[in-house]
Amino acid sequence: MQGLVIRSQSGFYTIETEIGQLICHLRGKLQKERIHGDLVAIGDWVDFTPLDDHTGVIEKIITRKCMISRSAPISRKAKSDDTTSTGSDFNRSYQQILIANPDQLVLVFSITKPTPRFGMIDRFLVISEKQDVPVFIVVNKIDLISKELAETYFAPYKDLDYDVIYTSAFSGQGLEDLMNRLQAKVSLLTGPSGAGKTSLLNSIQPGLGLEVRQVSHVTSKGRHTTVVRQLFPLDGGGYVADTPGLKALAFWDIKPEELDGYFPEIRKLVANCQFSDCSHSHEPGCAVLKAVQEGIIHPKRYSSYLRIRYGDVE
Ligand code: GDP
Ligand code: ZN
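Everything numeric in this text was worked out from a predicted model, so none of it was measured.

Calculation notes
Throughout, a residue's number is its position along its own chain's written sequence, starting from 1. Following the order in which they are written, the chains are lettered starting with A and the ligands numbered starting with 1. Totals for whole chains, interfaces and linings use all residues, but because this is a predicted model, local features are given only for residues with pLDDT of at least 70 and pairs of side-chain atoms are given and counted only at 80 or more. Excluded from the side-chain calculation are hydrogens and water; included are all heavy atoms of the structure. Axis angles are defined between N-to-C directions and span 0 to 180 degrees, where every axis is a line fitted to C-alpha atoms and, for a helix, only to the segment in contact. Secondary structure counts use DSSP, requiring at least four H or I residues in a row for a helix and at least two E residues in a row for a strand, with both numbered from the N terminus. Any angle that is under 35 degrees is reported as roughly parallel, and any over 145 degrees as roughly antiparallel; angles of 65 to 115 degrees are reported as roughly perpendicular and all others as oblique. Should any heavy atoms of two residues lie within 4.5 Å, those residues are considered in contact. Each residue gets one label: Ala, Val, Leu, Ile, Met, Phe, Trp, Tyr, Cys and Pro are nonpolar, Asp, Glu, Lys and Arg are charged, and the others, such as Gly, are polar. Two helices crossing with the near one rotated counterclockwise from the far one by less than a right angle form a left-handed crossing, whereas a clockwise rotation gives a right-handed crossing. When a carboxyl oxygen of Asp or Glu lies within 4 Å of a side-chain nitrogen of Lys or Arg, that pair is called a salt bridge. Relative accessibility decides the category of a residue: with a 1.4 Å probe and only protein chains considered, values under 20% of the type maximum give buried, values over 50% give exposed, and everything between is partly exposed. Throughout, the term near means that a residue has one or more heavy atoms lying within 4 Å of the molecule or strand in question. Polar contact is the term for a pair of N or O atoms within 3.5 Å; when the atoms are in protein, one must be able to donate a hydrogen and the other to accept it, and sequence-neighboring residues count only if both atoms are side-chain atoms.

(A) The arrangement of the packing of helix α5 (residues 175-182) against helix α6 (residues 197-204) in detail. Running from amino to carboxyl end, α5 crosses α6 at an angle of 85°, the nearest separation of the two axes being 10 Å. One way to sum up the angle between α5 and α6 is to call them roughly perpendicular. When α5 is examined against α6, the residues L175, L178, M179 and L182 are found in contact with a partner set consisting of L200, S203 and I204. Here the contact of α5 with α6 is composed, by residue class, of six nonpolar, one polar and no charged.

So, in structure tokens, the structure goes:
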């Protein structure tokens, strides 16, 4: 039998199945493999064996079509115990999976309060390019500023053919569009705290935002953080998941040399660079540098490229 993992908490997984929801654990032999990351994630389809007491055992994880993951952050306690720490806040040998098989990634930012950080948007766009997951950007709090100004601000993304929608949880603008885009799909929502994710979810389905937030709070309480991840069902079909406590996004499997392939405006120029291994940072005959100088590539996007390539995490 197969089921969909809709909640993961401390080694227990709630799966949605044709015989209802079951809480499952992993078959022991799956856990014996050397662990380089989360073995099961929300959004996974799994083979399971039901047991008599409304629980079950996960036997096998069906091959994922894509996933959104990052290097696991190191908790403060683990860090202070680690005398070999190089100052990095991430465990580069453990892959934390935020969601498996999402249909789309939804980046929620507000036009102001807080001001959007392009660096964060760009990191998520890179992951969506690498994993080939559709993505769109929600610009919330559009009641606070003129739409024209907001459009100018986000024009670099529109120019790159990323979808940008403008919403206000207060005035209702854009909410129908947002709801239609979420319907019948599995979406991972992400964005800085305060952008209005909770308010937006509450406006499209009463109570949904609060439900999502409650789970997020469990996550960040206390010293020993239990990571709870959950897919929340939408009334009209589909699911949304949140990324609680996501302050930074350290890439898991993106090599510096392949990064230019995940910036569409850079990707289309690399063939014109003089050197095939051009890093687009200083080389003579670099078509990318030329495009930056000519204003064809947006300076903020180029500086994101450099920051990601040369190792800054945000
Ligand atoms: P979250 O942290 O992303 O879940 O953000 P919240 O939904 O909690 O919203 C953060 C703050 O922004 C709250 O004070 C909300 O009332 C406010 N807020 C949310 N959406 C809007 C909006 O569309 N317009 C305005 N003006 N404020 C909003
Ligand atoms: Zn180049």
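(B) The packing of helix α3 (residues 118-131) against helix α4 (residues 147-159), seen in detail. Where α3 meets α4, the closest approach of the two axes is 13 Å, and the angle between their N-to-C directions is 20°. When the interaxial angle is binned, α3 and α4 end up roughly parallel. In the packing of α3 onto α4, the handedness of the crossing is right-handed. Taken together, the residues of α4 that come into contact with α3 (itself represented by F118, I121, D122 and L125) are Y153, F154, P156 and Y157. Its residues placed into classes, the contact of α3 with α4 shows seven nonpolar, no polar and one charged.

(C) View of the pattern of salt bridges. Summed over all chains, the structure comprises twelve salt bridges. Its salt-bridge partner being E151, residue K147 comes within 3.4 Å of it at the nearest N-O pair. Of this pair, K147 and E151 both sit in helix α4, four residues apart, roughly one helical turn. Residue K147 is classed as partly exposed on the basis of its relative accessible area of 33%. Look at E151 and you get partly exposed, because its relative accessible area is 34%. Its salt-bridge partner being D163, residue R181 comes within 3.1 Å of it at the nearest N-O pair. In this pair, R181 sits in helix α5 while D163 sits in strand β10 (residues 163-166), placing the two residues 18 residues apart along the sequence. Residue D163 is classed as partly exposed on the basis of its relative accessible area, which comes to 34%. Here the residues in one salt-bridge network are D122, E265 and R301, joined through shared partners.

(D) Highlighting the site of ligand 1. Taken together, 16 residues lie around ligand 1, and D143, G194, T198, S199 and R213 are the ones closest in. Interatomic distance of 3.3 Å between a backbone N/O atom of A195 and an oxygen atom of ligand 1. Between ligand 1 and S199, the relevant distance is 2.5 Å, taken from an oxygen atom to a side-chain nitrogen or oxygen of the residue. Here the shell around ligand 1 is built from residues that sort into five nonpolar, seven polar and four charged.

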